[in-house]
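Each chain, letter by letter, is given below.
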Protein chains: 4
Amino acid sequence: MTVRGAADQKEILIFERRESGVRSYCRRFDCVLDTAEGSVVRDVSGREYLDFVAGAGSLNYGHNDPDMRAALIAHLEHGGMSHSLDLSSTAKSAFLTAFESLLLLPRGFDYRVQFTGPTGANAVEAALKLARKVTGRSNVIAFTNGFHGMSQGALAATGNRHHRIGPQMPLPGVTRMPYDGYQGEGVDTADLLARMLCDPSSGLDAPAAILLETVQGEGGLNVASPGWLARIAELARSSGALLVVDDVQAGCGRTGTFFSFEPFGIVPDLVVLSKSISGYGLPMALLLIRPEHDVWLPGEHNGTFRGNVHAFVTATVALTKFWADSGFAGDVARRGELLARRLAGVANVVPGATVKGRGMMRGVDVGSGALAASITRRCFVEGLMLETSGPHGEVVKVLAPLTTPDDMLNDGLDILLDAARDVTAESGVSGASGLVNA
Amino acid sequence: MTVRGAADQKEILIFERRESGVRSYCRRFDCVLDTAEGSVVRDVSGREYLDFVAGAGSLNYGHNDPDMRAALIAHLEHGGMSHSLDLSSTAKSAFLTAFESLLLLPRGFDYRVQFTGPTGANAVEAALKLARKVTGRSNVIAFTNGFHGMSQGALAATGNRHHRIGPQMPLPGVTRMPYDGYQGEGVDTADLLARMLCDPSSGLDAPAAILLETVQGEGGLNVASPGWLARIAELARSSGALLVVDDVQAGCGRTGTFFSFEPFGIVPDLVVLSKSISGYGLPMALLLIRPEHDVWLPGEHNGTFRGNVHAFVTATVALTKFWADSGFAGDVARRGELLARRLAGVANVVPGATVKGRGMMRGVDVGSGALAASITRRCFVEGLMLETSGPHGEVVKVLAPLTTPDDMLNDGLDILLDAARDVTAESGVSGASGLVNA
Amino acid sequence: MTVRGAADQKEILIFERRESGVRSYCRRFDCVLDTAEGSVVRDVSGREYLDFVAGAGSLNYGHNDPDMRAALIAHLEHGGMSHSLDLSSTAKSAFLTAFESLLLLPRGFDYRVQFTGPTGANAVEAALKLARKVTGRSNVIAFTNGFHGMSQGALAATGNRHHRIGPQMPLPGVTRMPYDGYQGEGVDTADLLARMLCDPSSGLDAPAAILLETVQGEGGLNVASPGWLARIAELARSSGALLVVDDVQAGCGRTGTFFSFEPFGIVPDLVVLSKSISGYGLPMALLLIRPEHDVWLPGEHNGTFRGNVHAFVTATVALTKFWADSGFAGDVARRGELLARRLAGVANVVPGATVKGRGMMRGVDVGSGALAASITRRCFVEGLMLETSGPHGEVVKVLAPLTTPDDMLNDGLDILLDAARDVTAESGVSGASGLVNA
Amino acid sequence: MTVRGAADQKEILIFERRESGVRSYCRRFDCVLDTAEGSVVRDVSGREYLDFVAGAGSLNYGHNDPDMRAALIAHLEHGGMSHSLDLSSTAKSAFLTAFESLLLLPRGFDYRVQFTGPTGANAVEAALKLARKVTGRSNVIAFTNGFHGMSQGALAATGNRHHRIGPQMPLPGVTRMPYDGYQGEGVDTADLLARMLCDPSSGLDAPAAILLETVQGEGGLNVASPGWLARIAELARSSGALLVVDDVQAGCGRTGTFFSFEPFGIVPDLVVLSKSISGYGLPMALLLIRPEHDVWLPGEHNGTFRGNVHAFVTATVALTKFWADSGFAGDVARRGELLARRLAGVANVVPGATVKGRGMMRGVDVGSGALAASITRRCFVEGLMLETSGPHGEVVKVLAPLTTPDDMLNDGLDILLDAARDVTAESGVSGASGLVNA
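Calculation notes
Residues numbered from 1 in each chain as written. Chains lettered and ligands numbered in written order. Predicted model: local features only at pLDDT ≥ 70, side-chain atom pairs only at ≥ 80, totals over all residues. Heavy atoms only, no water. Contact = heavy atoms within 4.5 Å. Buried area = accessible area lost by both parts, 1.4 Å probe. Salt bridge = Lys/Arg side-chain N within 4 Å of Asp/Glu carboxyl O. Polar contact = N/O pair within 3.5 Å; in protein donor to acceptor, adjacent residues only side chain to side chain. Helix = DSSP H or I, 4+ residues; strand = E, 2+ residues; numbered from the N terminus. Least-squares fit on C-alpha atoms with pLDDT ≥ 70 in both. Pairing = 2+ DSSP bridges. Axes fitted to C-alpha atoms, helices over the stretch in contact; angles between N-to-C directions. Parallel < 35°, antiparallel > 145°, perpendicular 65-115°, else oblique. Left-handed = near helix turned anticlockwise from the far one by under 90°. Nonpolar A, V, L, I, M, F, W, Y, C, P; charged D, E, K, R; others polar.

1. What about the interface of chain C and chain D?
Where the parts come together, the accessible area they lose is often given as the size of the interface.
Then comes step 1: On the chain D side, the residues contacting the 108 residues of chain C number 108 residues.
Then comes step 2: With both sides pooled, the region where chain C packs onto chain D buries about 9500 Å², and carbon together with sulfur makes up 58% of that total.
Then comes step 3: Among the residues of chain C in contact with chain D, Arg 18, Val 22 and Phe 305 of chain C are the three that bury the most area, contributing 8% of the side total.
Then comes step 4: On the surface where chain C and chain D come into contact, there are eight salt bridges.
Then comes step 5: Glu 100 of chain C serves as the salt-bridge partner of Arg 17 of chain D, at 2.7 Å between the closest nitrogen and oxygen.
Then comes step 6: Linking chain C with chain D are 58 residue pairs in polar contact (both at pLDDT 80 or more), by the criterion used here.
Then comes step 7: Looking at the side of chain C that touches chain D element by element, the count peaks at eight residues for helix α5 (residues 90-107) of chain C.

In structure tokens:
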């Protein structure tokens, strides 16, 4: 573990005394953070860490991007609004204009934007509520290992039993279907959904929505194939359901394109964005709605923090700086390949390990949550912060900022490789070849 | 209506083209805001308005408090974290230390703090989930005209039919009971709850929680009496339910004390705070938990934006600046009385109108939503922003920043008085005396 | 307790060995019944009991009515159908013809008849399902102390916590409101319902149905007043809800008229009948539907035992024998008065006791479940079977067959009077005057 | 269609005038039945039909078995109880004694018997409620094409969309999984269940029960394989769920053994019986409970018609007459083979048709509901009553009484063969070979 100084210790006490036992990341990364820049964070004792967690995907452009910071300081000094409910503001106007011109028009998308409460879960709730309103149906199809948030409506769609057990009550309105690949290589799980939709006594109620992630971040970096996505989109259409893509983690460039579904030729009815949409890690979420589905009455889904003006300011910079041309997407693609290659090397040193994921949303399934935890713990000691994911936490997951310079990316992956090799050796398992999945 | 310049018009277009029809405040206040300071906001054409909406209660200390702003700029320039999941940080440490020393210890409260997703709804969801986990029961008692948010679990507790109709499905797990005064003067509604709790065939399932606001902000500024609150607290205790106070709107000093329930000698099991807790209008919410109920497993209720570091920075300044001694509370109390007096004058010019509310959370029930809307529309034209609330929008509601100077408060109330008089006169009803309720 | 012979003992063993612990009546009445006639049952040892339980109201015409028995034996000897799904049969035709000519036409009622599964619960489920289909709404209003059956949909409307706790899950879709008199003398509980229906933020979702018993049998013989019933009927109409009267226990003449609501000038949209509708204690239930609400698709609510042909045979005799003229109703009215007088005498010997109920559905609230149990236990020893009801089992309930001769009724009530006096004396409480409620 | 006489016509009128539109069988079989004996029913005009519907499986021993009839008449003449709630009675004692000695002991089963409301749906509700109580969990796993009844709790487990749509609300607490064979030959659907049970983020909540039919009667005569059943039983055990077999249609000898699961070496935790358990078509249902799960409190699941005494009388005769030795089971096995052979012949004349089912619960999947309806309509004209089943009604289903003499069985199957051939010829499709499934 890290050695902490006296100041550090005193600050730890306040957390132990006053913060709820629900806190979790801080148990694995037991430092007290102070400052951050790009892909590096620094704790109160001055120790630096490479941050390949990136706010669980909220910091795709790294920490404290200088242009966003400058814009935010300027906004503050100008006396710009900090909070304005869903009132119109110059900051919102600028954001919408950038969003339209840089993201929607170039892709031929005609979405309306709803600023929901500033969390992914809230935007998922809004999406399901709207899909139910549009269709007059209550059932939503979600998938094994899906993760969509913690509030009750979103939790109904989330697969994680650890989280589902809390409310002590059934979470109705969601039917669970196997995600792509869940039944192994020989089985196309879309066949099961297709059959159940057509079969009037399958027990599958007519769906209001089909809700999915194209890459399941928390679920273990499971990647949906293009063919499966296309079939699901078609099943949504033919069954009168809205296709809802939860792009909270896989969106905002994480897989190489701004929207994770761009390469597959599908245009979801609703798209949920959050995490990196503000660019600066500020709370913000939005729901994209095809115009024909924008049947909300004024205020029907409301909330106090629908318009985080500071987030509009930084988000506008993020869009303008990174998405005005294809340069950044190219960088991400290149770094994604680098990541895949290096992770194959890591998988090589862990028997039975495989590489999973897409773009810069990749990791190594080391086959055991305990092993993955040991590896990430070792990485943290060596100055690298990494998460795990998957049903058993068995996937070491790299969510480095998309802006991480190649050498820094390599530095981090060196640490991971060493940690994987050492921990594997210590745990007495011998090497085997890793395979790149997806 | 306001006369808008060309720039204004162009910006309006982007909202109409790209923003969802769900937007609401901006329909009543059709300006494009740019800057703000204290109790005044300024639109893109330079027009100023007194802001007695205050972010629906999120700006109790007014807009852009100079000390908070300075601290936030310093944090930005220092390279402080902007996003840190639920990791420990110096900013969080400072906030918790101030929260403990300035709020908890002086009041003899021993709460643990959970940083939930940064919306009141999310904190309400966490509260209900935790209460259900603690008790092993699923039923929650909520009250007529209660408002607790839009996500599915919170919406189940919210009374508003306009909002409840969206999900197209029952919202289970909540039993509705009449709030204090709901059945008129002669009936103590706590009697009904008491009887139903004791009666094993009442149909009221054993409750996990009793959830209430001490003043119902959205519900029409209904004020619970001290006696009723004490009985409800006792019924919660005797029935094994957790008492949950939703202090999202009534808390943070709005009624005169930091917590709205302080004057009544009750100590809720769980307290929900949001809106003005950051001090600066930034998204933040927290749940206070009596230590014996803090049975969360790590990460059991999680979310990406649990630690809005910028909000910690401004919140710490807010607590230090306004709550280190009793001066501010005294100011609020005095202004609350001023407000009550002036609103009695307003009620005087509207036949049948009554003053409702407590502290600086007051308004005038003018008996009709149409009349209230006309009055607030007139106020807006005259440079004053005001909301309505209540089941039919019949209450003109004043939520001025608590820091509004007395003369500015009077200026605003002058506008309101004129508007009320003029609109009433135009609509052809003649004057009657207004009575101060509660 | 009763002294049982050897044969009895051997038979008791099979029940203890093989029957589930869920059995209940047989614990209080620990005899093994063999034969029965009219209001008398006889156990295997030859001991006779006056049966003032009457199959919990299923034997309004007593046991083994000779005319019904003769008709059933004739049917059996003729080779008549015993089971015919929902196929048309001569027996069903005869029943429907009698039902129409003897019950519907004389009262000016134009109901359609649905033969549901042969239990009251199943007919209640059908009623709620149909009301939800007709209105497109899911919420049903039911009342404190209501009892509507044990299957999940019916249980949601039943108030009894003992029963509600089994399913380990919320029972959604029902809002509970206080029954007439539940809030004491000064409060008209219909006011609360009226207000909540009109108040768009009351939290009361628009109702599909208002479901009620005019006298709550299991709930403690609570009697709805004519004025309250009329208001509820009007509230159902004005809110677009169907009025559903559960006449399972109070119907079939129990309160003096065939339908319990006849005296009040209301015509429910749906009426649930079961228990005594077959006349002979055979399983049968039906739902009466105003023609405009009969929107069922064929088979939409089905079930194997919808057509209990033997029950059609006996039911037809019951209608013809007892309801062709007003003689029987007159007898019931007279006996109901006799019962009220005699029960007032019983109440006189139990301090604080009151008489409750209507027609031949009456009892004495002795104020304590323990006292009521002692009294009925003593009665059983003396040869009288009696149930208790009410939230705490505090009401000694007389459900004698409507055909019980006056002298036999007096004999039973003599036993009850003695038991009440003796048990009260033994438990050391002194006499006070009983009051007739309702 | 049938030609009906004048009397017939008049009787039809009462049904059209007074019976709800929900009636269904009588639409397909538009006669008015009067008498019945064995496998033959007779309508009011004297016309006879072979009844291969047998009360949807409620008349496994045919109509009006002379021994049961004699016993019932004797009971009536003796003055035996007709209704006795859940009181002990000589008739119940006799039934339980026969049930224990003839069914339980010979098979080494140690079940407790719960007499639920007299419908299969009510017994299913009791089973699910009990499983939830035993496990403290709410989720129940049910299968595609399963049919378990119409009351809300049972309907949640039923797959049929036509029925599920009625309540206008989600039917929570049930997770649907694919039945054996649902995903085609190459896929063992138990693998999916196994994986989802083990995967903590599959979204499958820990189950209280796994509910299944070994042959899905309404679902289209789908037969579970021994291996699949054994795996499901093991998955129930290992996941802490109760295995509940709904033997309402497949039990009581229909597949050749009294319980449909006997050949497979599994002993369910709970078994639901109804339909033919009374032997005479009288309403009766029961739940068998392994003693360790009999945690009911007295009266926790109650109901008025739990003890249909007449049904006890006939059921006791049925058990004694047919199940005292293995002769009857041998007859059923032999007739089942005969049926399979003859249905293969039927399948031979319908292109693409296949034989489905097990024992005397078999039918022919003719590939289209319209075709199946035409065939059964033709059969009815020729004097044979037959149902269809399956998601699209595509399976012509033979549920002849198990006691049908071989020549009568052949007569009926001759009619079916002719009808299938003629209808197929008329609809212009040419013959192909039928295959026997399962």
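2. Things to note about the relation of the copies chain C and chain D
Then comes step 1: With an RMSD of 0.0 Å, the fit of chain C onto chain D corresponds to turning through 180° and sliding 0.0 Å along the axis. Here the copies are linked by what is in effect a two-fold axis. Closest approach to the rotation axis within chain C is made by the C-alpha atom of Gln 152 of chain C, at a distance of 2.7 Å.
Then comes step 2: With an isologous cut-off of 70% or more, the 99% of interface residues of chain C that recur at the interface of chain D puts this contact in the isologous class.

3. Regarding the sheet that holds strand β3 (residues 48-51) of chain C
Across a sheet, strands are paired by hydrogen bonds formed along the backbone, either parallel or antiparallel in direction.
Then comes step 1: Judged by pairing direction, the sheet is mixed, and its five strands sit side by side in the order β16(C)-β3(C)-β2(C)-β1(C)-β4(D) without closing on themselves. Either end of the sheet is taken by a strand with one partner, and the two such strands are β16 (384-385) of chain C together with β4 (88-89) of chain D.
Then comes step 2: Bridge analysis of strand β2 (residues 40-43) of chain C against β3 of chain C gives three bridges, and the strand direction is antiparallel. Each bridged residue has a counterpart across the sheet, and for Val 41 of chain C the counterpart in β3 of chain C is Tyr 49 of chain C.

4. Looking at the packing of helix α13 (residues 369-381) of chain B against helix α14 (residues 406-426) of chain B
All names here are of chain B.
Then comes step 1: For the pair α13 and α14, interaxial distance at closest approach is 9 Å and the crossing angle is 130°. It follows that α13 is oblique to α14 by the angle criterion. Here the hand of the crossing between α13 and α14 comes out right-handed. Side by side, α13 and α14 meet where Leu 371, Ser 374, Ile 375, Arg 378 and Cys 379 of the first sit next to Ile 415, Leu 416, Ala 419, Ala 420, Asp 422, Val 423 and Glu 426 of the second.
Then comes step 2: Class assignment of the residues belonging to the contact of α13 with α14 gives a composition of eight nonpolar, one polar and three charged.

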